[in-house]
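Fold and geometry: a report
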Amino acid sequence: MGTKVTLIPGDGIGPEVTDAARLVADATGVSIDWEVVEAGEKAIAKKGTPLPPEVLDSLRRNKVGIKGPITTPIGSGFRSVNVALRQELDLYASLRPARAIAGEGTRYPDVDLVVVREAMEGLYSGVEHWVDRDHSAGETINIITRKESARICRFAFDYAIRNHRKKVTAVHKANIMKVTGGLFQEVFREVAREYPSIAAEERLVDNMCMQLVKKPEEYDVLVTTNLFGDILSDLCAGLAGGLGVAPGALFGESIALFEPVHGSAPKYAGQDKADPVAEILCLELLLRHLGHSEAAQRVFRAVWEVIYEKKVVTYDLALPGYTMRPTRPSKCSEMAKEIARKVPQVDISKPLPTPPGARAQSSVKLANDTHLED
Ligand code: NAD
């Protein structure tokens, strides 16, 4: 019997990219029993709700899951399933590593940072209302508590220690939002004092955006509130090669759920076109979480080599421009097969080839970084 893992295929490109991750998981030889449950649009059609109780039950039972993206209607319609999942299961820490994979498709081949985003409160608490009957003004409440601020700051420092990172940068807007931003800043400073071996610094969010675009290699672990984390992690995904290659993970006290940063990209749904790498790197993080360190390294190495060789890559990695060799774009399933084919063959003891434009030392560090505790 393998390890039971909840699998939520999701909407749009979700089923295609989660199929890709399953194919690669099979190639690792790690025995996983997938418990497939539907949330999102398919669940509405079949069960009349986007988040049926069996999804939550499955995750509570198995304690670990992987999901594809789930569509959220804009402006009206059902509440975000993603936000509801986080709140129902107390998945308070959203971890989004941004690593420049093989330097392809990125202007920043040395980028290697991690965004730790508070996922329970802030402007995503779901507390909003119209101020008047005419709907001419509205309010969304930004809830920041000492308890959640301390929990996410401790998560960031603990993560830094476990993963041999050197610095945690708190990102806030305490100069303008003196109550909520000020509280987050105060708690960050208190928590930082408990971790003297890790450097602690702060940036205002607007300055942080500019700094990340100018010199991302100076940053290591960023910790921030919900909305800023959502925006910064997309920015960092862009620095590292795009949404197609950006994995993520959500952690609670006992449950972990792995999901890409990207959404359901409805315009590409059913076309076998989306980049499977973000979801496959979610699998890599999941394998590390389950203690299958060698299998995780194989997956990372196989992804790296396929992107580096640039023979079988999806449209987003095959684009001409700042990449080395424009290629005919492959399908999502073709790229997944190529990564799966390589998984048992790759030599994880060899140093990775240096990506174009990157410093050799940094590339080796990327390859060996554990990112999650092994
Ligand atoms: P999106 O991430 O779906 O798409 C943004 C851009 O990135 C598009 O140009 C898309 O084509 C491209 N892209 C995304 N993933 C890609 C991949 N794997 N390969 C290649 N290109 C890729 O963002 P959006 O359009 O803002 O959102 C679409 C839907 O997804 C919305 O309903 C949104 O609420 C939802 N969403 C869900 C999650 C989640 O489930 N965690 C996260 C973000 C957005």
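Up top you'll find the structure we're talking about.
Residues numbered from 1 in each chain as written. Predicted model: local features only at pLDDT ≥ 70, side-chain atom pairs only at ≥ 80, totals over all residues. Heavy atoms only, no water.

A closer look at the site of the ligand
Test applied: Nearness here has a simple test: a residue counts as near a molecule or strand if at least one of its heavy atoms is within 4 Å of that partner. Counted as a polar contact is a pair of N or O atoms within 3.5 Å, where, for protein atoms, one must be capable of donating a hydrogen and the other of accepting one, and residues adjacent in sequence contribute only when both atoms are in side chains. Exposure was quantified through the Shrake-Rupley algorithm and a 1.4 Å probe, taking into account, for residues, occlusion by the shown protein chains and nothing else. Residue classes follow a fixed rule: Ala, Val, Leu, Ile, Met, Phe, Trp, Tyr, Cys and Pro count as nonpolar, while Asp, Glu, Lys and Arg count as charged, and any other residue, Gly among them, counts as polar.
Around the ligand lies a shell of 21 residues, among which Ile70, Thr72, Gly263, Ala265 and Tyr315 are the nearest. Between the ligand and Lys67, the relevant distance is 3.3 Å, taken from an oxygen atom to a side-chain nitrogen or oxygen of the residue. Contact between the ligand and Ile70: an oxygen atom at 2.8 Å from a main-chain N or O atom of the residue. Considering the ligand on its own, with 810 Å² of exposed area, one finds that the protein chains cover 72% of that surface. Of the residues that constitute the shell around the ligand, the class distribution is 10 nonpolar, 7 polar and 4 charged.

Description of the packing of aromatic side chains
Heads up, the condition is: Think of it this way: a Phe, Tyr or Trp ring, Trp meaning its six-membered ring, pairs with another when their centres are within 6.5 Å, and the plane angle makes it stacked under 30 degrees, edge-to-face over 60, tilted otherwise. Two thresholds decide whether a charge sits over a ring: the Lys NZ or Arg CZ must be within 6 Å of the ring centre and within 35 degrees of the ring normal.
For the coordinates displayed, the defined rule picks out 7 aromatic pairs. Here a set of aromatic residues connected by ring pairs shows up, and it is made of Tyr92, Phe155, Phe251 and Phe258. Looking at Arg151, its charged tip hangs above the ring of Tyr92, at a distance of 3.9 Å from the centre. In this structure, Lys273 packs its charged tip against the face of Tyr315, placed 4.8 Å from the ring centre.

So, the sheet that holds strand 1 (residues 3–8)
Pairing between sheet strands relies on hydrogen bonds along the backbone, with the strands arranged either parallel or antiparallel. Put simply, the rule is: A pair of strands is labelled paired if DSSP reports no fewer than 2 bridges between them. Numbering goes from the N terminus for both helices and strands, where a helix is a DSSP run of H or I of at least four residues and a strand is a run of E of at least two. Interaxial angles span 0 to 180 degrees and are taken between N-to-C directions of axes, which are lines fitted to C-alpha atoms, for helices over the stretch in contact. Here, two residues are considered to be in contact whenever any of their heavy atoms come within 4.5 Å of each other.
In space, the 10 strands of this open sheet follow the order 2-1-3-12-11-4-5-10-8-9, with mixed pairing throughout. With partners counted over all chains shown, the strands left at the sheet margins are strand 2 (32–36) and strand 9 (199–204), one partner each. Neighbour-to-neighbour, the strand axes of the sheet open up by a mean angle of 25 degrees, direction not taken into account. The strands touched by helix 9 (residues 277–289) are strand 1, strand 2, strand 3 (64–67), strand 4 (93–99), strand 11 (249–251) and strand 12 (256–258); relative to strand 3, the strand with the most contacts, the crossing angle is about 175 degrees.

Quick look at helix 6 (residues 180–192)
Applicable threshold: Expected helix span is computed as 1.5 Å times (number of residues minus one). Buried residues are those whose accessible area, probed at 1.4 Å on protein chains only, stays under 20% of the maximum for their type, while exposed residues exceed 50% and partly exposed ones sit between those limits.
With 13 residues, helix 6 should cover 18 Å at 1.5 Å per step; its first-to-last C-alpha distance of 18 Å lies within 8% of that length. Where burial is concerned, most of helix 6 is hidden: 10 out of the 13 residues are buried. Of all the positions in helix 6, only Thr180, Gly181, Gly182, Leu183, Phe184, Gln185, Val187, Phe188, Val191 and Ala192 are classed as buried.

Here we look at the packing of helix 7 (residues 205–214) against helix 8 (residues 226–239)
For the record, the criterion: By the definition adopted for this analysis, an angle is roughly parallel if under 35 degrees, roughly antiparallel if over 145, roughly perpendicular if from 65 to 115, and oblique otherwise.
The interhelical angle for the contact between helix 7 and helix 8, taken along N-to-C directions, is 10 degrees, at an axis separation of 10 Å. Between helix 7 and helix 8, the angle is such that the two are roughly parallel. Residues Val205, Met208, Cys209, Leu212 and Val213 of helix 7 lie in contact with helix 8, whose contacting residues are Phe228, Leu232, Leu235, Cys236 and Leu239. Here the contact of helix 7 with helix 8 is built from residues that sort into 10 nonpolar, no polar and no charged.

Considerations on the environment of Pro9
Looking at the secondary structure, you find Pro9 in the loop between strand 1 and helix 1 (14–28). Along the backbone, Pro9 and Ile70 are 61 residues apart, and their C-alpha atoms lie at a distance of 8.5 Å. What Pro9 contacts, discounting residues up to four positions off in sequence, is Gly14, Pro15, Thr18, Val36, Val37, Glu38 and Gly68.

The values are spatial; any link to function lies outside them.
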